[in-house]
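As a plain string of letters, each chain reads:
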Amino acid sequence: MIKTNAMRLLDAKKIPYESFAYPPEITDGEEVAKQLGEDPAAVFKTLVTVSDRGEHLVFCVPVCASLDLKKAAKAAGVKSAAMIKQKELEPLTGYVHGGCSPVGMKKRFRTFIDESARGFGGVYVSAGRLGHQMKLSPSALAEFCGAAFAPLKTE
């Protein structure tokens, strides 16, 4: 199993996680959950937005849900938030679309995790490379990323 930068960062802080690999051509979140044999509500995607003030914000929501941009803006205390363009993702975060992890981005951005994560002993997030996920406790993820829990998904 390869070690991604995100895994090395967790290792350095002695944060326990489990790593999982699946065929990298699978990029649909719900398909990834199926590959992992997991509830899609426990597998989170990492989305990057830009606020009306030009601040980049990171949101983690279940793969089976969509980010509610109004709730995202409210959680961040900004007027509005919009998804960044896909071509901006790698230069900004160091991660490609489908392999974006909240752990180990080029810069530290304010990060928010959907409150539903608290209902799981462990949640899955990208390990920073296509075909790789890692499972860790929601509180450990939040602590490492300096993230806040908030209602973020569309109902």
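Residues numbered from 1 in each chain as written. Predicted model: local features only at pLDDT ≥ 70, side-chain atom pairs only at ≥ 80, totals over all residues. Heavy atoms only, no water.

Q: What is the right way to read the packing of aromatic side chains from this model?
A: Counted by the stated rule, this structure contains two aromatic pairs. On the basis of an interplanar angle of 55 degrees and a centroid distance of 5.3 Å, the ring pair of Phe20 and Tyr124 is categorised as tilted. Linking Phe20 in strand β1 (residues 18-21) with Tyr124 in strand β6 (residues 123-126), this pair joins segments that are 104 residues apart in sequence. With relative accessibility at 24%, the residue Phe20 sits in the partly exposed group. Relative accessible area serves as the criterion here: at 2%, Tyr124 is assigned to the buried category. With 5.3 Å between their ring centres and 20 degrees between their planes, Phe59 and Phe112 make a pair best called stacked. Of this pair, Phe59 sits in strand β3 (residues 56-62) while Phe112 sits in strand β5 (residues 110-114), and the two are 53 residues apart along the sequence. Of the two residues, Phe59 and Phe112, both sit in the buried class. (Phe/Tyr/Trp six-rings, centres within 6.5 Å; stacked < 30°, edge-to-face > 60°. Helix = DSSP H or I, 4+ residues; strand = E, 2+ residues; numbered from the N terminus. Buried < 20%, exposed > 50% of the residue type's maximum accessible area, 1.4 Å probe, protein only.)

Q: What should I look at first to understand unusual backbone geometry in this one?
A: Across the chain, the bulk of peptide bonds are trans and the bulk of non-glycine residues have phi less than zero. At Lys14, a residue that is not glycine, the phi angle is positive and equals roughly 55 degrees. You can see Lys14 is positioned in the loop between α1 (5-12) and β1.

Q: Can you walk me through the side chain of Thr46 in this structure?
A: With respect to the helices and strands, Thr46 occurs in strand β2 (residues 44-51). From its side chain, Thr46 meets the backbone oxygen of Cys100 in a polar contact 3.4 Å long. Once residues within four sequence positions are removed from consideration, Thr46 is found in contact with Val58, Phe59, Cys60, Cys100, Ser101, Pro102 and Met105. (Polar contact = N/O pair within 3.5 Å; in protein donor to acceptor, adjacent residues only side chain to side chain. Contact = heavy atoms within 4.5 Å.)

Q: Just checking my understanding: could you explain the pattern of salt bridges for this structure?
A: Any two side chains of opposite charge can pair, given that their charged atoms come close. Scanning all chains against the criterion turns up three salt bridges. Among the ionic pairs, Asp11 bridges to Lys3, the shortest N-O distance being 2.8 Å. Its relative accessible area of 43% is what places Lys3 among the partly exposed residues. With its nearest N and O atoms 3.3 Å apart, the salt bridge here joins Glu31 to Lys34. Of this pair, Glu31 and Lys34 both sit in helix α2 (residues 29-36), separated by three residues, roughly a single helical turn. Residue Glu31 is classed as partly exposed on the basis of its relative accessible area of 32%. (Salt bridge = Lys/Arg side-chain N within 4 Å of Asp/Glu carboxyl O.)

Geometry only, nothing functional implied.
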